[in-house]
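Understanding the architecture of this molecule
Chain by chain, the residues run as shown.
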Amino acid sequence: MVLKIVENLGVKYLKGTDEYKSKLEHELRKLKFPYKALAEDDYDARRKDHISHFILRLAYCQSEDLRRWFIQQEMDLFRYRFNELSDPLVQQFLEYVNLLYEPISKDVKKRLKDELFMSTPGLSAEKVEEQSFYKIPLQDAQDLIRVRRVLLNYGFALVPHQDMVVIILNNYRTKLSKALALTARSLPAVQSDERLQPLLNHLSHSYIGPDYSAQKNTGKISLEQIDALSVKSYPICMRQLHKALRENHHLRHGGRMQYGLFLKGIGLTLEQALEFWRSEFIRGKIDADKFDKGYAYSIRHNYGKEGKRTDYTPFSCMKIILSNPPSQGDYHGCPFRHSDPELLKQKLQSYKISSTGISQILELVKGMHYQLACQKYFELTHDVDDIGFPLNHPNQYFVESQKLLSGGRELKKEMSHPGSSQLKPTSQESINSSSATTTSNNEADTELEGLDEYFAED
Amino acid sequence: WAVTRGMEKGYFARREFSFTLRDDIYVRYQSFERPQDLEKELQKACPYKVDIGAVYSHRPSQHNTLRSGAFQAQEKELVFDVDMTDYDDVRGCCSSAEICSKCWTLMTIAIRILDRALVEDLGVQHRLWVYSGRRGVHCWVCDDTVRKWSSSLRSSIVDYLSLVKGGADTVKKVHLSDPVHPFISKSLRLVEEYFEQYALLGQDILGCRESWDKVLALVPEHILLPGSSCLSLRLGEGLAAVGACSSSSSKKLPSYTEQEIMLQFCFPRLDGNVSKGLNHLLKSPFSVHPKTGRISVPIDIQRLEQFDPFAVPTISSLCRELDEANDEDKDKENEEDPESRRRVRDYKRTSLAPYVRVFECFVEDMERARRGELLRRSDLQGDF
């Protein structure tokens with residue numbers, strides 16, 4: 001059941017903010033989760049919703065990254081649900097959470113009509129007439145005040161209904177953040193409780209995505225293929241790194257890590273990797289000797305053959321987007337996140353992406369949906385309408401691309417491997433098709449199905 | 001003022017003061033149990049400058065005895081600092097610490113714009129504008145609710161109030177686009193009241209090539225006609241004529257160029273750091289400015305146009321006036337009955353009096369408001 005929520009959140013992560021709202025509603029209905037907020041009738045669904053939220057808090061409170069991800073998903077879900085509320089329900093909700101904001105009276109609104117119109121961009125004059133405006137104390141509307149997108153009137157911000165979600169989301173985020181901090185503190189006590197222990201253990205087991213360090217596909221790629229592969233099957237970040245490497249005969253540390261581990265993930269053996277990097281670096285300013293002494297060591301280190309012999313896993317999209325931003329002279333990172341939009345546009349144009357496609361990508365980038373932008377990039381370069389899976393990892397991109405190009409998409413059921421890197425629900429490449437089928441074939445899932453019984457009790 | 005509050009116990013004792021002593025020795029975290037203790041210490045130490053800080057969770061003088069993290073700033077007035085030096089790129093008459101009657105208008109404009117925003121937008125009631133003693137003005141906002149504002153809210157307010165962005169390497173510092181927020185349009189109307197007199201006549205920004213080049217630098221290229229021949233304008237038409245040039249160019253793009261220029265020359269430039277931090281210390285009103293000797297006096301905003309920074313008393317002029325008053329006293333000593341002779345407080349016999357009056361009104365307003373609030377609350381509770 002928890003996994004279903006996880007899948008649910010994963011769907012939301014991808015599509016909810018993309019206005020695939022109907023799809024989300026559909027999914028929620030299937031999973032028997034409340035899709036209409038405050039609907040009194042489906043008690044069981046709401047109970048499930050509540051309980052699962054709190055359990056997830058336990059699972060996700062432990063690290064900064066996890067918390068951030070969890071809060072982001074919850075906020076997306078919240079935003080979706082809130083936007084579905086009708087006006088009277090909004091009032092009811094506000095009372096319920098003690099955010100007692102009053103709407104301004106019609107007279108006041110009439111008097112301030114022009115000022116309201118001039119201070120809320122994105123609101124036409126008709127909308128100003130229709131929508132309610134709420135009187136919000138200044139401290140609750142800081143984000144809007146800071147950018148001067150709200151009218152201030154004698155100590156209150158007059159916020160239109162459609163921006164209220166921002167105010168409430170802020171409030172929600174603050175509360176959830178504090179709650180997670182508290183949860184983390186009480187975690188030790190909780191973990192020792194017998195009833196919860198197996199559940200939590202399963203949670204950490206299930207948030208496992210394929211980490212692409214599995215050696216299944218080693219040796220299948222030859223070095224000669226790489227240039228062609230970089231155009232056909234690399235995600236844009238790796239294509240950029242490869243191009244920079246070919247042009248400059250060098251990459252800095254961040255780039256070497258990101259690209260090097262990716263290459264390992266697509267199946268390059270250590271020997272191949274050494275040859276690859278060496279031959280390229282030698283063309284530049286590095287002589288063979290220097291390479292062997294310095295760079296070769298770190299490549300072997302990446303393969304777990306040096307030092308503490310950890311077999312490093314290729315970076316996931318989250319990791320690339322969130323950590324180690326590139327600076328001048330770097331080529332690593334996620335171009336959708338880290339490149340200046342103008343430069344990104346030029347790059348996409350040079351890759352012969354259509355201008356409609358480019359606009360779509362830039363729109364997604366503007367909305368900070370970097371992985372969705374990459375998915376769009378996949379769709380445009382592979383000439384498909386729907387990528388068919390949520391993109392979380394550059395190696396996943398590569399694998400899927402290769403599959404597509406070699407003819408025939410196999411059902412994604414086959415794709416799930418338990419592995420262990422980030423605690424993220426990456427295991428549901430399954431999502432977009434009916435979620436029902438996916439749960440059955442996965443070993444981890446069958447274990448978890450038993451958990452449904454925890455909740456079927458009483 | 002810090003005294004006359006009907007505040008909870010210990011409020012004054014948790015207020016931080018700082019002194020600047022001779023030889024530039026700066027001591028922080030001074031706190032006093034009662035106002036009389038502050039007075040005594042002032043007389044003893046004779047600091048050159050007294051700054052007022054926040055009200056903390058504990059007595060500042062004991063902050064070292066607390067474990068880290070326990071000593072927190074809890075409340076402080078919202079303060080603003082507008083400094084003439086920040087306008088050096090747009091004033092031609094003076095630079096850095098100098099001021100003159102021509103550029104002082106900038107402070108007048110700043111006060112009018114900021115004060116309007118404080119009252120009409122932010123709902124502030126109790127604020128005191130103070131001349132800093134040399135080249136700028138401060139504002140102390142003392143409403144009870146405002147004193148509790150978090151640092152992030154103060155920061156948002158500073159952003160809301162800021163329009164002039166960019167440092168030495170930014171030429172064009174103001175950019176406007178549709179829709180224009182009422183804060184900006186109202187501020188613009190205030191600037192327009194002064195612009196012709198201040199900028200075109202006083203500062204003469206179109207008077208010579210060097211100056212008008214600076215103005216032209218703010219005009220986007222697609223509007224500027226080739227060659228600056230359109231710049232032979234009559235002063236009386238001022239910037240409107242530049243506007244005429246721009247509208248005669250073929251592209252009719254919506255342009256706020258004239259407004260942007262006016263704002264860049266006149267809109268208030270705040271020192272954000274002063275306003276954002278809860279623990280920031282600011283010079284106390286009525287202190288003496290070490291470099292000019294002038295007293296930081298409150299400004300009567302009802303008579304804003306008449307304020308003259310050069311007429312503000314200096315410490316030496318005050319001393320002189322006090323001496324003269326004492327001499328008068330000595331003459332009268334023999335004549336009057338000691339009991340009926342009321343010893344008028346010294347400062348009231350000097351030119352400081354009107355400024356003190358402004359201050360007293362300000363404090364009275366606050367007290368009245370507080371009494372009203374207390375009454376209201378006790379009514380609600382049904383106290384008898």
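Residues numbered from 1 in each chain as written. Chains lettered and ligands numbered in written order. Predicted model: local features only at pLDDT ≥ 70, side-chain atom pairs only at ≥ 80, totals over all residues. Heavy atoms only, no water.

As recorded in an unreviewed UniProt entry, chain B goes by DNA primase and comes from Crocodylus porosus. Taken from UniProt, the Catalytic activity (unreviewed entry) comment for chain B reads in full: "ssDNA + n NTP = ssDNA/pppN(pN)n-1 hybrid + (n-1) diphosphate." A UniProt comment under Sequence similarities (unreviewed entry) is attached to chain B, and it reads "Belongs to the eukaryotic-type primase small subunit family." (UniProt positions renumbered as here; feature names shortened; annotations may be inferred.)

An unreviewed UniProt entry lists chain A under the name DNA primase large subunit, from Crocodylus porosus. Its UniProt record gives chain A the following Sequence similarities (unreviewed entry) comment, quoted word for word: "Belongs to the eukaryotic-type primase large subunit family."

**Some details on the overall build of chain A**
Helix and strand counts for chain A stand at 25 helices and 4 strands. Across the 458 residues in chain A, those meeting the buried criterion constitute 49%. Within chain A, residue pairs in contact and separated by at least 24 positions form 66% of the contacts whose partners lie at least 6 positions apart. Entry remark: accessible area of chain A is about 22800 Å², with carbon and sulfur atoms responsible for 51%. (Helix = DSSP H or I, 4+ residues; strand = E, 2+ residues; numbered from the N terminus. Buried < 20%, exposed > 50% of the residue type's maximum accessible area, 1.4 Å probe, protein only. Contact = heavy atoms within 4.5 Å. Areas by Shrake-Rupley, 256 points an atom, 1.4 Å probe, with all protein chains shown as cover.)

**As for the sheet that holds strand β5 (residues 78-83) of chain B**
All names here are of chain B. If you trace the 3 strands from one edge of the open sheet to the other, you get β5-β7-β6, paired in antiparallel fashion. One side of each edge strand has no neighbouring strand; the edge strands of this open sheet are β5 and β6 (127-131). Between one strand and the next, the sheet's axes are offset by a mean angle of 15 degrees, whatever the strand orientation. (Pairing = 2+ DSSP bridges. Axes fitted to C-alpha atoms, helices over the stretch in contact; angles between N-to-C directions.)

**As for the side chain of R239 of chain A**
Topologically, R239 of chain A is positioned in helix α13 (residues 236-248). Ignoring sequence-local partners within four residues, the contact set of R239 of chain A consists of S230, V231, Y234, Y351 and Y377 of chain A.

**Observations regarding the pattern of salt bridges**
Residue and element names in this part refer to chain B. Applying the stated criterion across every chain, the model contains 34 salt bridges over all chains. Among the ionic pairs, R370 bridges to D144, the shortest N-O distance being 2.9 Å. Highlighted residues: R370 in helix α11 (residues 353-381) and D144 in helix α3 (residues 144-147), separated in sequence by 226 residues. D144 sits in the partly exposed class, given a relative accessible area of 33%. Note that D365 is salt-bridged to R368, the shortest N-O span being 3.3 Å. Of this pair, D365 and R368 both sit in helix α11, 3 residues apart, which is roughly one turn of that helix. The partly exposed category is assigned to D365, whose relative accessible area is 36%. Where salt bridges share partners, they join E75, D144, R147, K148 and R370 into one cluster. (Salt bridge = Lys/Arg side-chain N within 4 Å of Asp/Glu carboxyl O.)

**Thoughts on the interface of chain B and chain A**
At the junction of the two partners, chain B supplies 24 residues and chain A supplies 17 residues. Roughly 1700 Å² of surface becomes buried between chain B and chain A when both sides are summed, with 59% attributable to carbon and sulfur atoms. Scanning the region where chain B abuts chain A turns up 2 salt bridges. Note that R146 of chain A is salt-bridged to D159 of chain B, the shortest N-O span being 3.6 Å. At the surface where chain B touches chain A, the tally comes to 10 residue pairs in polar contact (both at pLDDT 80 or more). Put simply, the parts of the chain that give the side of chain B that touches chain A at least two residues each are α2 (104-121), α4 (151-161) and α5 (182-202) of chain B. By residue number, the principal contributor to the side of chain B that touches chain A is α4 of chain B, which donates 8 residues. When its residues are assigned to classes, the side of chain B that touches chain A shows 13 nonpolar, 7 polar and 4 charged. (Buried area = accessible area lost by both parts, 1.4 Å probe. Polar contact = N/O pair within 3.5 Å; in protein donor to acceptor, adjacent residues only side chain to side chain. Nonpolar A, V, L, I, M, F, W, Y, C, P; charged D, E, K, R; others polar.)

**Description of the UniProt feature "binding site: [4Fe-4S] cluster" (unreviewed entry) in chain A**
All names here are of chain A. The UniProt record annotates "binding site: [4Fe-4S] cluster" (unreviewed entry) at C237, C317, C334 and C374. Separation in sequence by 138 residues is not matched in space for these annotated residues, since their most distant C-alpha atoms are only 9.9 Å apart. Cross-referencing the annotated residues with the lining of the largest cavity gives C237, C317, C334 and C374. Note on placement: C317 falls in helix α17 (residues 317-322). Residue classification places C317 among the buried residues on the basis of a relative accessible area of 11%. Among residues more than four places away in sequence, those in contact with C317 are Q371, L391, N392, H393 and P394. Position of C334 relative to the elements: it lies in the loop between α17 and α18 (335-338). Under the relative-accessibility criterion, C334 is labelled buried at 10%. Filtering out sequence-adjacent residues up to four positions away, C334 remains in contact with I320, I321, S339 and Y370. (1 Å grid on protein atoms, 1.4 Å probe; cavity = no way out; pocket = protein on both sides within 12 Å on 5 of 7 lines; lining within 4 Å.)

**Focus: the packing of aromatic side chains**
For the structure on display, the rule yields 27 aromatic pairs over all chains. Centre to centre, the rings of F359 of chain B and F362 of chain B are 6.5 Å apart; their planes meet at 35 degrees, and the pair counts as tilted. In this pair, F359 of chain B and F362 of chain B both sit in helix α11, 3 residues apart, roughly one turn of the helix. Assigned by exposure class, F359 of chain B and F362 of chain B land together as buried. Taken together, Y234, Y259, F262, F276, W277, F281, F291, Y295 and F398 of chain A form an aromatic cluster joined through their ring pairs. The aromatic ring of Y160 of chain B is capped on one face by R148 of chain A, whose charged end is 5.9 Å from the ring centroid. Above the ring of Y303 of chain A, the side-chain terminus of K264 of chain A is found at 5.4 Å from the ring centroid. (Phe/Tyr/Trp six-rings, centres within 6.5 Å; stacked < 30°, edge-to-face > 60°. Lys NZ or Arg CZ within 6 Å of the ring centre and 35° of its normal.)

**Here we look at the nonpolar core**
In terms of nonpolar packing, the biggest core is built from 109 residues, with I136 and M164 of chain A together with L161, F195, L263 and F265 of chain B touching the most fellow members. Lining this core are residues from two domains, each supplying at least three of them: domain 1 (1-85 + 169-203) and domain 2 (94-162) of chain A. With 57 residues, the next largest nonpolar core counts L251, L268, I320 and I361 of chain A among its residues. (Core = buried A, V, L, I, M, F, W, Y, C linked by side-chain atoms within 4.5 Å. Domains from an automatic or database assignment.)

**Structural notes on the confidence of the model for chain B**
All names here are of chain B. In the predicted model, chain B carries a mean pLDDT of 81, and the fraction of residues at 70 or more is 83%. In the model, residues 226-238 has pLDDT below 50 throughout and makes 15 contacts with residues more than four positions away in sequence or in other chains. Across residues 337-343, where pLDDT falls below 50, the model places 4 contacts with residues more than four positions away in sequence or in other chains. (pLDDT = per-residue confidence, 0-100.)

**What to know about helix α6 (residues 209-216) of chain B**
Spacing of three or four residues puts side chains on the same side of an α-helix, whose turn is 3.6 residues. Inspection of α6 of chain B places W212, V215 and L216 of chain B among the buried residues, and these make up the whole buried set. All buried residues of α6 of chain B lie within an arc of 100 degrees about the axis, which places them on one face of the element. (Arc of directions from axis to C-beta.)

**Overview of the packing of α13 of chain A against helix α14 (residues 253-266) of chain A**
Helix packing geometry: the angle between the two helix axes and the distance between the axes. All names here are of chain A. At a minimum axis separation of 10 Å, α13 and α14 run at an interaxial angle of 115 degrees. Considered as vectors, α13 and α14 are oriented roughly perpendicular to each other. Seen along the crossing, α13 lies across α14 with a hand that is left-handed. Contacts between α13 and α14 involve C237, M238, L241, H242 and L245 from the former and G255, Q258, Y259 and F262 from the latter. (Parallel < 35°, antiparallel > 145°, perpendicular 65-115°, else oblique. Left-handed = near helix turned anticlockwise from the far one by under 90°.)

**Regarding the environment of H175 of chain B**
Relative to the helices and strands, H175 of chain B is located in the loop between α4 and α5. Separated by 84 residues in sequence, H175 of chain B and Q259 of chain B place their C-alpha atoms 9.3 Å apart.

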